[in-house]
Each structure stands twice: as structure tokens, then as C-alpha cells.
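Observations on chain architecture
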Amino acid sequence: MQNLLARTKGSSRWLGLCLFAIAFLCAALISGCGSSGSSGGGGTSDSASPEGTTNVLFHFNESSSAKILARAIPQGTTHIRFTGNDNSRNKLYGPTEKAYASTITLEKVPVRVTGFVLECIKKDGKDVELTAIVPVDKVSLTEGQEKHVTIGDSDVKPLSEVVKSVTNTPSKFNPFAIGMSESFTVIATLEGGQTVDLTPYLTFTSSDPKVATVEQNGSDGAKVVAQGGGTATISGEVLGVKMPNITVTVDPKMAVDGIVFCKSNKEIGKSDGKYEPLKVAPGFSDSFTVRIHYNNGTEKDFASNQASCKIEPDDLAKAEVIKSDKITEIRVTGLEKAKVGKNATITVTATLDGKSYSQTIDVVITDAVPTKLTITDVTDRASWPTE
């Protein structure tokens, strides 16, 4: 009887400590919510209110305050792209493109913007030519109050004086197979720390077009295309500013020998030459990427429009190709009524340079189980939080 009472007291003490810990946490959460939502007289937090905005007017011609010459902006300029940034050079506004005029109004600019970058361009059909880059710093905006900014001759400098450094991404390439292509971008860092994508404005040159050529690639920047065996140097220049050269090596013996399935850029493990099966529970999803594999061990991502997939039988899980211009990802989702323990097979087919390559992987339907369980002993006062 005494042992029973002792155990009962111990259980009661443990239960009491648990209730105390829960009450402590609830009080802390309520206090935290109250302090973040109000202050003193019941004001609201900044995060709950929408960000203030205002209109900014840029003047490029005569103004009432000073005689500003039209030549401040280079002749031939037809449009200006505006990008607004904060003190940390984070982009908060734009890029917004406007037709060039003596006064240009930007609407609903966040008041946290403290500077702008103006890309002055000449557009002729699909051709775009850079005429100048004008950084504008130390702009102070107030919600609801129009801001007037005047651009004069002294604000427009040669590009070589505005740009501090130029980098390529990626900075180098792995060996190419003939017909293989790779995209890259060229980013300029300005004296004030702002960044501008120079890629669409550069004139590219290849030291040997029979080995490699370069072409503009829309939103993906520029693209190197391997034409034949050998080595070539890719260079680019705009208004006297040059990009770092890129060396391209094309191996004529390098060729596609299939596709591989990967997770976190590492090929999924194999057993007896087959990929280890994916495990999905009804209502849950898993995914993997498909990459091109070359005969020299090199792997490369490719756009999803070059791939298709099917799953058999189709009453256990759904397999789909996720649309992307950069990678091919396959998402597998277990169907709600799928029976645990059943298997299905996914076949992925990629069409590369007119040839088709296929690969398979099995899917096993499993139970959904917790992956981690953590138990904390609340009777250990040493582990309690302290102020």
C-alpha cells in the first residue's frame, strides 16, 4: 500500500510539473503575441501594415530650379529601365521600363527605396543597345509626397567610371561535347554596390567560331554552343567595359551515353544495376531530378520540355514532369487509395539531339510513419528555460 501511495504521489508530481510547463509556455506565447501586436495605446505593428509608397518624378530636361541640357542622356536613347534599391542594395522596385521623355513618373515606389539605377537603352525592334548606366543615390522618400529627381550632365558618366567590377556566372565551364550548350550571365557591380546584368547589352566574340559560338538566350542570359573539337576563348564588351574571358574546350570524343536519376546532385544508389526504389505513402510525395550523362563521366541538367514520364500501373501513384527551363524534376505522389506494399515502375524518356534515352525506377507504397520523436523530461529542472 505504501509503495502504491509513493507511486501515486510521484505520478501526481510529474503531472503537476507537466501542467506547469504547459501553462508557462502558453503565457509566454500570449505575452509575445501581445507585445508584437500592440504597444502602449494599442498601436499596430509595422509588419502588419502595408508598406508605404509614393510617386517619383525624374526630370531630364529644363526645370524651374536649373537649366538641365537634353544631352544629359545620350542621344539615341529611346527607353530607360528603372530599378530601386534600399541601403543594403536589395532590389525593392522594378526593373520598370519607360519610354524616354523629359519627365518620367514612377508610381507606387516603396518609401524604403534609397537609390535607383537607370539603364538607358536604344531599342530597334528586337535589338537593344545600352547607351548609359546612371546610379542615383541618397534618395529620401516620404509616403504620399511626390519626389522630384533631376538628372544633369554631371550625373551621366562613362560606363568605365561607373562600373567597379564584372563577373561571369558560372566563371568557367567543364568540357563540352559537340552540340552541347551552356548558359551564362555577366553581372556588373557599380561603385555604389548596386548590380546590373550586362548580358543583354554585350557584343560577344569567339576566338574560333568553328569550336564555339555565343548567342543571346533571353532571360537565361547568353549561351555558348560547342561546334567542333578544340579550344576557344569567349570575350564580350559594351561601351568600353569588358567581361572576363571564358575558355571553352570541346572534346570531339565526348558523347551522351544515357540519363541518370539524382537527389541533391548525387546519383541515386543502385543494387544489381537497378535504382533503389522510391518509397511514398498514400497522399505523400517524393521527387528526383534527371540529368544527362556523358561517356567521360560528366553530368549536365537539361530543360524539362525534353523529357516525359509514365508510371505502370497507374492506380498506385502519379508521376509528373515539373516544368522548368533549367532542370528536369520528376514528382511522384502516392494515391490515397493505394495499397501498402504494392509496386509500380516509372519510365522516364529524354530526347536529346534527336536521340531518345530511357531509364526506369520502381516505386513502393509504404505506410506514413513519423520520422522523428523527441521526448523531454520536464522533471529535470536543470533543462527548464531561464530568463
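What this report covers is the structure whose coordinates are included nearby. Bear in mind the structure is a predicted one, so any value in this text is a computation, not a measurement. In this numbering scheme, every chain counts its residues from 1 along its sequence in written order. In keeping with the model being predicted, local features are shown solely for residues with a pLDDT of at least 70 and side-chain atom pairs are shown and tallied solely at 80 or more, while totals for entire chains, interfaces and linings include all residues. Side-chain metrics in this entry use all non-hydrogen atoms of the structure; hydrogen atoms and water are not considered.

Remarks on the overall build of the chain
- Secondary structure summary: the chain contains 2 helices and 28 strands in total.
- A 1.4 Å probe rolled over the protein chains alone gives each residue an accessible area, and that area as a share of the maximum for its type sets the label: buried under 20%, exposed over 50%, partly exposed in between. Every one of the 387 residues in the chain was classed for burial, and the buried ones make up 35%.
- Contact between two residues is taken to exist if any of their heavy atoms lie within 4.5 Å; hydrogens are not considered. The contacts in the chain between residues at least 6 apart in sequence include a share of 60% that link residues at least 24 apart. The numbering of helices and of strands both runs from the N terminus, where a helix is a DSSP run of H or I of at least 4 residues and a strand a run of E of at least 2.

Re the side chain of Thr131
- With respect to the helices and strands, the residue Thr131 is situated in strand β6 (residues 127-136).
- A polar contact of 2.9 Å, which involves the side chain of Thr131, links it to the side chain of Thr77.
- Beyond its immediate stretch of four places on either side in the chain, Thr131 contacts Pro74, Thr77, Cys120, Ile121, Lys122 and Leu239. Polar contacts, as counted here, are pairs of nitrogen or oxygen atoms within 3.5 Å of one another; within protein the pair requires one atom able to donate a hydrogen and one able to accept it, and residues that are adjacent in sequence qualify only if both atoms are side-chain atoms.

Section: the sheet that holds strand β28 (residues 355-365)
- DSSP bridges decide pairing: two strands pair if at least two such bridges lie between them. The 4 strands are arranged β21-β28-β27-β24 in an open sheet whose pairing can be described as mixed. Taken across any chain shown, the strands that pair with only one partner, and hence form the sheet edges, are β21 (278-280) and β24 (307-312). Here the average twist between neighbouring strands, direction ignored, is 30°.
- Pairing analysis gives 3 bridges linking β21 to β28, with the strands arranged parallel. Bridge pairing in β28 links Lys279 to Val364. The axes are straight lines fitted to the C-alpha atoms, using for helices just the contacting stretch, and the angles between their N-to-C directions are given from 0 to 180°.

Here's the deal with the nonpolar core
- Throughout, nonpolar core names a set of buried Ala, Val, Leu, Ile, Met, Phe, Trp, Tyr and Cys residues whose side chains join them through atoms within 4.5 Å. Ranked by size, the top nonpolar core spans 65 residues in total, and within it Ile133, Phe184, Leu198, Val248 and Phe288 carry the most contacts.
- For this core, the leading source of residues is strand β27 (residues 343-352), giving 5 residues.
- Here Ile133 is in contact with Val117, Leu118, Leu159, Val162, Leu190, Val196 and Leu198, once residues within four sequence places are set aside.
- Counting residues in each nonpolar core, the second largest holds 22 residues, with Ile73, Leu106, Val134 and Val156 among its members.

Regarding unusual backbone geometry
- The linkage connecting Gly94 with the following residue, Pro95, adopts the cis geometry, with an omega of 5°.
- Inspection of the secondary structure assignment puts Pro95 in strand β3 (residues 91-99).
- Residue Glu312 is joined to Pro313 through a cis peptide bond whose omega torsion reads -10°.
- With respect to the helices, strands and loops of the structure, Pro313 is situated in the loop between β24 and β25 (317-322).

Section: the pairing of strand β13 (residues 222-226)
- In terms of burial, β13 is largely enclosed, as 5 of its 5 residues are buried.
- The two faces of β13 match: Ala222, Val224 and Ala226 on one face and Lys223 and Val225 on the other face are all buried.
- Pairing geometry for strand β9 (residues 181-190) and β13, over 4 bridges, is antiparallel. Its bridge partner being in β13, Ser183 is matched across the sheet by Lys223.
- The pairing of strand β12 (residues 212-216) with β13 spans 5 bridges and is antiparallel. Bridging across to β13, Gln216 finds its partner in Ala222.

Description of the pattern of salt bridges
- Each reported salt bridge corresponds to a side-chain nitrogen of Lys or Arg within 4 Å of a carboxyl oxygen of Asp or Glu. Inspection of every chain in the model, using the stated rule, returns 10 salt bridges.
- Where Glu215 meets Lys223, a salt bridge forms, and the shortest distance between an N and an O atom there is 3.5 Å.
- Given a relative accessible area of 37%, Glu215 falls into the partly exposed group.
- A salt bridge links Arg291 to Asp301, with the nearest nitrogen and oxygen atoms 2.9 Å apart. Here Arg291, found in strand β22 (residues 285-294), pairs with Asp301, found in the loop between β23 (299-300) and β24; they are 10 residues apart in sequence, far enough to count as distant.

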